[in-house]
Amino acid sequence: MSKKANTFQTPIGTRDLLPEHSARWEAVIEVFSNVASRAGFSLIDTPIFEDVGVFTRIGEGTDVVGKEMYEFLDRSERPMALRPEGTAAVCRAFAQHRPPVPWKVYYRGPYFRYEAPQAGRFRQFHQFGIESIGSDDPDIDVEVIALGWKVLEAVGINQIELLVNSMGDQETRNNYQEALNAFLKSHVNDLDEEDRKKVDTHPMRVLDSKRSATQSVTKEAPRINDFLSAEAEAHFERVRDGLTALKIPFSIEPRLVRGLDYYTHTTFEFQSLALDSAQSTVCGGGRYNGLIEELGGPATPGIGFGMGIERLLLACDAEESFPAPGSRVQVWVVDVTDGSSARDLTHSLRDHGVTADRSFDQRSMRSQMRSANRSEAEIALIIGEEEVNEETVAIRMLRDEEIGQIVVPRSSVIAEVQRLLGLEL
Ligand code: ATP
Ligand code: MG
């Protein structure tokens, strides 16, 4: 049969989450929600679009804002953006609602960046993330990183490298930017052309470049670690000690400055060694002590991370971990009379906490049994003329041939199903 091309397709860089993949998707989100709520974080959900200013504050010269952001005017000509990341929106919410601190929140949902699509890189992608707002205590940095680690552990991946750095405080950054700017200027001709433009305005962002010409220059660049103020060094030391105490292996990566403007002190990334390096970062985060003030709120420190759900599942695929959960249908009701028994029984099974489904359209016994088997249900309840006349139901165990088929009175079928499924109350 030839297939006619559809008029409409998903936009480039987006995907449908189809039923065959959705159970795994929901399961991974549940793993994350459980890990986060066990650590005292609560769900927050912010709008998918915001005033464009919420995001331009995080760094107009960054790729995320300057090149990748979906911006539009609404019908009243207000400048809006589809959110490209989570932290700025959560900080906007904090500045708006002024909740008591510590404010520990987690989120999950779609984010939008106009990037060149490839494996693990989409225009609509999904993240879950956490933000812990209100304290500068380095033990919170440890708690946040440990939580990312727990999620990776819980989905069963272990080919993971944790990279950690400190960007220090304002004093550190000023001193370092000066030294880095001087270094980059003396090598400007060896840098990739795209990156040359950033040398004077945003020298630290040159370190974040993925272009190889630039990377071979920045290998030799001065390292921020040598510029940390005494206070910044003490903070970083406590973070390193905490990770060591929790037995979370990490390496220090002095070039890890990350793409956004707002980071101070701790920055970190979890990279999957099982994925191609162009999309190996499954999670990135850091501390942003100036961001809330920048968004009009009271000066409040915070730290968080964002984890790419598609990337995380790719890493799971590469390590053959976190298989899709099995079917959820427990009982299939097969009715070869007029369908009334299927109608009534599925309804009351569901009322009694049993996941039940059935066929429609008065299909043949064979067709209904095929559906029952395909559903991977454990039990088929079968009703023919004889069962209707005798007010009974035949129970067939689809995956346990030893039990085979038993016939029970209609009045006790729910209790019998609950017993067989181990659901007795
Ligand atoms: P990359 O360096 O891979 O572009 P990033 O530094 O831009 O990542 P962040 O802004 O830190 O990414 O976002 C956090 C996480 O979200 C990333 O580590 C990644 O797992 C995921 N992510 C970011 N952009 C995309 C995208 N376009 N498609 C899929 N996942 C993405
Ligand atoms: Mg990016």
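What you see is a predicted model; the values in this text were computed from it and never measured.

Analysis parameters
- Residues numbered from 1 in each chain as written.
- Chains lettered and ligands numbered in written order.
- Predicted model: local features only at pLDDT ≥ 70, side-chain atom pairs only at ≥ 80, totals over all residues.
- Heavy atoms only, no water.
- Buried < 20%, exposed > 50% of the residue type's maximum accessible area, 1.4 Å probe, protein only.
- Helix = DSSP H or I, 4+ residues; strand = E, 2+ residues; numbered from the N terminus.
- Pairing = 2+ DSSP bridges.
- 1 Å grid on protein atoms, 1.4 Å probe; cavity = no way out; pocket = protein on both sides within 12 Å on 5 of 7 lines; lining within 4 Å.
- Points joined across faces, edges and corners; volume = space filled by probe spheres on them.
- Nonpolar A, V, L, I, M, F, W, Y, C, P; charged D, E, K, R; others polar.
- Polar contact = N/O pair within 3.5 Å; in protein donor to acceptor, adjacent residues only side chain to side chain.
- Contact = heavy atoms within 4.5 Å.

Visitor: Looking at this structure, how should I read the pairing of strand 10 (residues 281-287)?
Guide: A regular strand places its side chains so that they alternate between the two faces of the sheet. Among the seven residues that make up strand 10, six are buried, leaving the element largely enclosed by the rest of the structure. Bridging between strand 9 (residues 264-272) and strand 10 involves six bridges; their strand directions are antiparallel. Bridging across to strand 10, Thr264 finds its partner in Arg287. Here five bridges tie strand 10 to strand 11 (residues 302-308), and the two strands are oriented antiparallel to one another. Within strand 11, the residue paired with Gly286 across the bridge is Gly304.

Visitor: Just to check I follow, could you spell out the layout of surface pockets for this structure?
Guide: Gaps left between atoms show up when a probe the size of a water molecule is rolled over them. The computed volume of the second largest pocket comes to approximately 450 Å³. As for the second largest pocket, its lining consists of 16 residues, of which Arg15, Leu17, His21, Trp25 and Glu310 are closest to the centre. Of all elements in the fold, only helix 1 (19-38), strand 6 (124-133) and helix 13 (309-318) reach the threshold of two or more residues within the lining of the second largest pocket. Residue classes in the lining of the second largest pocket are distributed as six nonpolar, five polar and five charged.

Visitor: When you look at the side chain of Ser375 in this model, what are you seeing that I'm missing?
Guide: Inspection of the secondary structure puts Ser375 in the loop between helix 15 (365-374) and strand 14 (379-383). Polar side-chain contacts of Ser375 include one of 2.7 Å to the backbone oxygen of Ala372. Among all residues touching Ser375, those that are not within four sequence positions of it are Ser327, Val329 and Trp332.

Visitor: Even after reading the chapter, I still don't get the environment of Asp344, so can you show me in this structure?
Guide: Checked against the element boundaries, Asp344 lands in helix 14 (residues 340-351). In this structure the C-alpha to C-alpha distance between Asp344 and Val155, which are 189 residues apart in sequence, comes to 40 Å. A distance of 2.8 Å separates a polar atom in the side chain of Asp344 from a polar atom in the side chain of Arg343.

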